[in-house]
Every structure is written in structure tokens, then in C-alpha cells.
Amino acid sequence: MPSKSRSKTTKHRKLTYKELNYQVDFKPKGVKTSDDITPARGVIGQKRAMNALRTGLNVPSTGYNIFVSGIAGTGRVEAVTTLLETHCKGT
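If you're wondering where the values come from, they're calculated on a predicted model, not measured in any experiment. (Residues numbered from 1 in each chain as written. Predicted model: local features only at pLDDT ≥ 70, side-chain atom pairs only at ≥ 80, totals over all residues. Heavy atoms only, no water.)

Draft legend 1. Molecular detail of the environment of lysine 47. Tracing the sequence through the fold places lysine 47 in helix α2 (residues 47-57). Accessibility expressed as a relative area gives 67% for lysine 47, which makes it exposed. When the C-alpha positions of lysine 47 and threonine 9 are compared, they lie 45 Å apart, and in sequence the two are 38 residues distant. (Helix = DSSP H or I, 4+ residues; strand = E, 2+ residues; numbered from the N terminus. Buried < 20%, exposed > 50% of the residue type's maximum accessible area, 1.4 Å probe, protein only.)

Right, here's the structure in full:
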């Protein structure tokens, strides 16, 4: 099968200083201090990991371990602690 080649060539152009110096304003509108923001609760973006932990906690036998790995400072200990507290309240 022959490969398709571009019929038009893309011309490169020099960028201006303003195009190279693009900056993003990360401050949401209406926020003056961190007191204006409600902190996030729970674990963000780890649905699969949290489901795996819940599954491990609900194994109806003794003698099993749950191994948690990840980069330091990513909230592993807090996630496990939160799930353990919730699990122990339910039993």
C-alpha cells in the first residue's frame, strides 16, 4: 500500500517574543487568598486504586496483606487511613 505524502508543505515561521512568553493565570477569578477556596476532600483520580483497597479490606478471611506503593507525598498513607477508619466504623 503506497504511503500518502502531504500535498502541501508547512512553512515554519519565527515566533515573536510575546508568543514565546505565553503565561497562564492559574488564579481562579474571585479568589484573593487561600481562605476563599474550599479544600478538596478524599482521594482525587484514584478510583481504581481505592476500589482495590476496598476489595482487600472486604476479604472475609484473615492472614492477607494489602501492599500499597507509590511516590512519596502522593497521599498513600492518608488514603489507607481514611479507608481503614471508614471500614472499622462499619464493622
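Draft legend 2. Broad picture of the pattern of salt bridges. Within the structure shown, the criterion is met by one salt bridge. Between glutamate 19 and arginine 13 there is a salt bridge, and its shortest N-O distance comes to 2.9 Å. Residue glutamate 19 is classed as partly exposed on the basis of its relative accessible area of 35%. Residue classification places arginine 13 among the exposed residues on the basis of a relative accessible area of 57%. (Salt bridge = Lys/Arg side-chain N within 4 Å of Asp/Glu carboxyl O.)

Draft legend 3. Seen up close, the packing of α2 against helix α3 (residues 76-90). Direction vectors running N to C along α2 and α3 enclose 45°, while the axes themselves pass 11 Å from each other. Considering the angle they form, α2 stands oblique to α3. Considering the relative orientation of α2 and α3, their crossing is right-handed. Residues Met50, Leu53, Arg54 and Leu57 of α2 touch α3, and the partners they reach there are Ala79, Val80, Leu83, Leu84 and His87. Grouping the constituent residues of the contact of α2 with α3 by class yields seven nonpolar, one polar and one charged. (Axes fitted to C-alpha atoms, helices over the stretch in contact; angles between N-to-C directions. Parallel < 35°, antiparallel > 145°, perpendicular 65-115°, else oblique. Left-handed = near helix turned anticlockwise from the far one by under 90°. Contact = heavy atoms within 4.5 Å. Nonpolar A, V, L, I, M, F, W, Y, C, P; charged D, E, K, R; others polar.)

Draft legend 4. Up close: α2. All of the buried residues along α2 are Met50, Leu53 and Leu57. Seen end-on, α2 carries its buried residues on one side only, within an arc spanning 60°. For α2, the exposed residues set more than 90 degrees away from the buried face come down to Lys47, Arg48 and Thr55. As for α2, its buried residues are in contact with α3. (Arc of directions from axis to C-beta.)

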